[in-house]
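Close look at the chain arrangement
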Amino acid sequence: MRDLARGVTYLGRGQRWVGRHRRQWGFGLLPGLITLVGYGAALVALVLGADDAVAWATPFADDWGSPWQGLFRGGLTVVFFGGCLLLALVSFTAVTLLVGQPFYEALSERVDRTEGGEVPESGLPLWRELWISARESLAVVVRVALWGVLFFALGFVPVIGQTVVPVIGFCVSAFFLTEELTAVALQRRSVPLRARLRLLRSRPLLTLGFGVPLALLFLIPVVAVFLMPGAVAGATLLARDLLGETGPEGEAEGEGGEGPDPYAAARGPVPPASYENAARPF
C-alpha cells in the first residue's frame, strides 16, 4: 500500500513543480487544447451513435421483452462506451505528447535537472525522436484496442460484465496512461517500450497510484488539458523512482560515487546504440 500512496504523491509533486514554473505550464497548454478539439468532436459522435452500434451488434436481443432488452443493451452500451473512453484516454495522451514533444522533452529535462544528477539525453535528432515516439505510441494504442475488444466481449457476461469488467478496464487504461507519460523521461534514457512495460509491471501499485487518480481527472476533458504539463513532470519523478535514481525519501542515490548503472536492468541486453531497433513496437 505504500507504493499506492507514493504514486499519488508523485502526481501531486508534478503539479506543484509546474506551479513553480508557470512559463513551462503555460506553453504546455497549447498541445492539449489542439488535441481536445478533435477528441471532443469524436466523443460527441460516439455518444450519438453508441445505442445504434450496440443494437447492431446484438440482433438476437431484438425479440426480448421489457425490461430485459433494455437492461442488457444498456449494460453493453456502458461497456462499449467505457472501452472507447479507455482508448480515448490513452490515445489522447499519446497524441498530445506527440504534438507537444519538444516542449515536454524540455520540461522533463528541467525536472531531472532540479532533482540533481545527470540529465540524460537520447542524442537523436528531433525527427527521429518524433518517429520513435509515434511508432511506440501506436503500439500502445493497439494494445489498448485489443484490451478494449476483450472487455467488450466480457461485457456479455451477466452481472460481472456490467460491474467488475468496467473497473478492471479502467485500471488497464490507467496503467497505459502512466506508460505514455513516463515514456517522455524513459525514452531519453534509451529504455524501449517493452522494457518500460516490464518496469511498470514490476511496481503495479506505484503505477496505479499515479495513473488511476489521473485517469479519473482526465475524464473531464478541460481538466486533462490543464493537468498535462504537471502530469509529465510527475511522471518524470516516477520514472526516476522506477530506475532507482531516487532513494526512499526522494533523494538522489549514488552521491559521492559512480555506483551501478541504474538503467541496466531496464535496458536488459540492449545497448543504447541499438535504441532504434529496440524501440520497434512489435
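1. Things to note about the packing of helix α1 (residues 2–20) against helix α2 (residues 22–57)
One can describe the packing of α1 onto α2 by two numbers: an axis separation of 5 Å at closest approach and a directional angle of 105 degrees. When the axis of α1 is compared with that of α2, the two are roughly perpendicular. Residue-level inspection shows W17, V18, G19 and R20 of α1 in contact with α2, the latter providing R22, Q24 and W25. For the contact of α1 with α2, the class distribution of residues is 3 nonpolar, 2 polar and 2 charged.

2. Remarks on the pattern of salt bridges
Taken as a whole and assessed by the stated rule, the structure comprises 10 salt bridges. Ionic pairing is found between E105 and R188, a salt bridge with its closest N-O pair at 3.6 Å. One end of the pair, E105, is in helix α4 (residues 101–115); the other, R188, is in helix α6 (residues 160–188), and 83 residues separate them in sequence. Assessed through its relative accessible area of 7%, E105 is described here as buried. Put simply, E105, D112, R188, R189 and R240 are held in one network by salt bridges that share partners.

3. Here we look at the side chain of T35
With respect to the element layout, T35 can be found in helix α2. For T35, a relative accessible area of 5% gives the class buried. A polar atom in the side chain of T35 sits 2.9 Å from the backbone oxygen of P31. Engagement of the side chain of T35 in a polar contact is seen with the side chain of T96, the distance being 3.4 Å. Ignoring anything within four residues of it in the chain, the contact list for T35 reads F92, V95, T96 and V99.

4. Points about α2
Here α2 spans 49 Å end to end across 36 residues, near enough to the 52 Å set by a 1.5 Å rise per residue. Within α2, the axis deviates most sharply at G49, by approximately 50 degrees. Where α2 is concerned, the buried positions are Q24, G28, L29, P31, G32, T35, L36, Y39, L46, A50 and V54.

5. Concerning the environment of A55
When you line up the elements, A55 lands in helix α2. A relative accessible area of 30% places A55 in the partly exposed class. Each C-alpha atom, one on A55 and one on R73, is 7.1 Å from the other, the two residues being 18 residues apart in sequence.

6. Structural notes on the packing of aromatic side chains
Considering all chains together, one arrives at 8 aromatic pairs under this definition. The rings of F60, W64 and F72 are connected pair by pair, giving a single aromatic cluster.

7. Concerning the nonpolar core
Core analysis: the biggest nonpolar cluster contains 48 residues, and L107, L181, F210, L214, F218, M228 and V232 have the highest contact counts within it. Broken down by element, this core gets its largest block of residues, 11 residues, from helix α9 (residues 221–242). Membership of the second largest hydrophobic core comes to 7 residues, among which are A185, L186, A239 and L243.

The rules we used
Residues numbered from 1 in each chain as written. Predicted model: local features only at pLDDT ≥ 70, side-chain atom pairs only at ≥ 80, totals over all residues. Heavy atoms only, no water. Axes fitted to C-alpha atoms, helices over the stretch in contact; angles between N-to-C directions. Helix = DSSP H or I, 4+ residues; strand = E, 2+ residues; numbered from the N terminus. Parallel < 35°, antiparallel > 145°, perpendicular 65-115°, else oblique. Contact = heavy atoms within 4.5 Å. Nonpolar A, V, L, I, M, F, W, Y, C, P; charged D, E, K, R; others polar. Salt bridge = Lys/Arg side-chain N within 4 Å of Asp/Glu carboxyl O. Buried < 20%, exposed > 50% of the residue type's maximum accessible area, 1.4 Å probe, protein only. Polar contact = N/O pair within 3.5 Å; in protein donor to acceptor, adjacent residues only side chain to side chain. Expected span 1.5 Å × (residues − 1). Bend = angle between axes of the 7 residues up to and from the residue. Phe/Tyr/Trp six-rings, centres within 6.5 Å; stacked < 30°, edge-to-face > 60°. Core = buried A, V, L, I, M, F, W, Y, C linked by side-chain atoms within 4.5 Å.

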